[in-house]
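If you want the building blocks of each chain, they are given just below.
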Amino acid sequence: KYTTASKTLIDEADAAYKALTSPQQGLVTKKDELDLAIATYKALGGMVDTAEEEFKALEGKTITIADADALTLLNSTFGALQPEQIVALDAKLGYSSADTLSEYVSAYETSCNKVNTAKNLIDAIGGVTLESGSDIEAAEAAYGALDNVEKTYVTNYSTLTDARSAYDALVEEAAQNAANKAAAEAAEYEDYIETADETTDDVVNGEVENRINESNMLDSEDNYSEGFDFVSEDSATPFSAGMNNQD
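Starting afresh in each chain, residues are numbered from 1 along the sequence in its written order. In keeping with the model being predicted, local features are shown solely for residues with a pLDDT of at least 70 and side-chain atom pairs are shown and tallied solely at 80 or more, while totals for entire chains, interfaces and linings include all residues. Excluding hydrogens and water, the side-chain figures rest on all heavy atoms present in the structure.

**So, the overall build of the chain**
A tally of regular secondary structure across the chain gives nine helices and zero strands. Strands here are runs of E lasting at least two residues and helices are runs of H or I lasting at least four, both read from the DSSP assignment and numbered beginning at the N terminus. In the chain, the order of α-helices and β-strands from amino to carboxyl end is α-α-α-α-α-α-α-α-α. For each residue, the accessible area found with a 1.4 Å probe, counting protein chains only, is set against the maximum for its type, and the residue is called buried under 20%, exposed over 50%, and partly exposed in between. Out of the 247 residues belonging to the chain, those deemed buried represent 21%. Within the chain, counting contacts between residues at least 6 apart in sequence, those at least 24 apart form 72% of the total. Carbon together with sulfur atoms contributes 54% to the accessible area of the chain, which is approximately 16,700 Å² in total. The criterion used for residue contact is that any of the two residues' heavy atoms lie within 4.5 Å. For every accessible area listed, the method is Shrake-Rupley and the probe measures 1.4 Å; residues are considered covered only by the protein chains on display.

Here it is as structure tokens:
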């Protein structure tokens, strides 16, 4: 085991062996066990040293999807450590290797989820219509939340840019169609107003003419009536006188 006690025993055995004379060393039948213990302990120590190097390579970094290979290697190295080796590793690092690895993995998974969310939202856009605005904006927001490294993992980003271009073209076309329709309706309204004005003028002129005609007719009737009264008044006296004369 990679412990201080094991190291002490190995060092003591190795020192005792080296203190022997050559003939005495030839009598030591378990020298191969000592050699194996030394090699094993060294290997165990090498594993700790390797884990330390791998941890230090990630210190101070923002763990993202780009660190997949480094995390896979570190996870494999750490998983092979014995409890005693982890204690030794923590002592060398000055922090909990297990907790730190857990934080690294969590950060990695968060980064992967962000990338996958952006990719899924892009795929969800589908065929672009005038109703696609909110879907495109959601995908753009998800993509914009990624760092520059994470963005390189969004393999369908061109689909998003194509969708944005298509949507903007549809919006511009719709706006132009609306403007053209409004202009046509305005022209049609002006024609209607012009026609209505002409009709109104005709009606007004006709009404004025009718009023003039009616006025003329009334004047004629008044003149006729006055003429009749004049004749009657002038004729009454001679008629009466004639009757009196007959009497």
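**Some words on the environment of Glu59**
Among the secondary structure elements, Glu59 is positioned in the loop between helix 3 (31–58) and helix 4 (68–79). Glu59 sits 41 residues away from Thr100 along the chain, and the two C-alpha atoms are 9.5 Å apart. Those residues in contact with Glu59 that sit more than four places away from it in its chain are Leu93, Tyr95 and Tyr104. Polar contact is defined as a pair of N or O atoms within 3.5 Å, subject to the rule that within protein one atom must be able to donate a hydrogen and the other to accept it, and that residues adjacent in sequence are counted only when both atoms are side-chain atoms. At a separation of 2.5 Å, a polar atom in the side chain of Glu59 contacts the side chain of Tyr95.

**Overview of the side chain of Thr77**
Within the secondary structure layout, Thr77 lies in helix 4. At 3.0 Å, the side chain of Thr77 and the side chain of Glu54 are in polar contact. Once residues lying within four places of it in the same chain are set aside, the contact partners of Thr77 are Met47, Thr50, Ala51 and Glu54.

**Thoughts on the nonpolar core**
Counting residues in hydrophobic clusters, the biggest one holds 18 residues, and the most contacted among them are Phe55, Leu89 and Tyr104. At the level of secondary structure, the elements contributing two or more residues to this core comprise helix 3, helix 4, helix 5 (83–93) and helix 6 (97–123). A per-element tally of this core places helix 3 first, with six residues. Each residue touching Leu89, except ones within four places of it in the same chain, is listed here: Val48, Ala51, Glu52, Phe55, Phe78, Leu81 and Ser97. Note on terminology: a nonpolar core comprises buried Ala, Val, Leu, Ile, Met, Phe, Trp, Tyr and Cys residues joined through side-chain atoms within 4.5 Å.

**Brief notes about helix 7 (residues 133–144)**
Expected span, for any helix, means 1.5 Å times one less than how many residues it has. Look at helix 7: 16 Å from first C-alpha to last across 12 residues, which is about the 16 Å you get at 1.5 Å a residue. Along helix 7, the residues classified as buried are Gly133, Ile136, Ala139, Ala142 and Tyr143.

**Quick notes on the side chain of Asp14**
With respect to the secondary-structure elements, Asp14 resides in helix 1 (residues 4–18). Aside from chain neighbours lying at most four places away, what touches Asp14 is Leu34 and Ile38.

**Concerning the packing of helix 1 against helix 3**
At their nearest, the axes of helix 1 and helix 3 sit 10 Å apart, and the two run at 140 degrees to each other. By the angle between their directions, the pair helix 1 and helix 3 is classed as oblique. Pair helix 1 / helix 3 crosses with left-handed handedness. Residues Ser6, Lys7, Ile10, Ala13, Asp14 and Tyr17 of helix 1 pack against Lys31, Leu34, Ala37, Ile38 and Tyr41 of helix 3. By the convention adopted, Pro, Cys, Tyr, Trp, Phe, Met, Ile, Leu, Val and Ala count as nonpolar, Lys, Arg, Asp and Glu as charged, and the other residues, Gly among them, as polar. For the contact of helix 1 with helix 3, the residue count by class is seven nonpolar, one polar and three charged. Throughout, an axis means a line fitted to C-alpha atoms (over the contacting stretch in the case of helices), and angles, computed between N-to-C directions, take values from 0 to 180 degrees. Working rule for angles: under 35 degrees goes down as roughly parallel, over 145 as roughly antiparallel, 65 to 115 as roughly perpendicular, anything else as oblique. Definitions for this section: a left-handed crossing has its near helix turned counterclockwise from the far helix by less than a right angle. A right-handed crossing has that turn clockwise.

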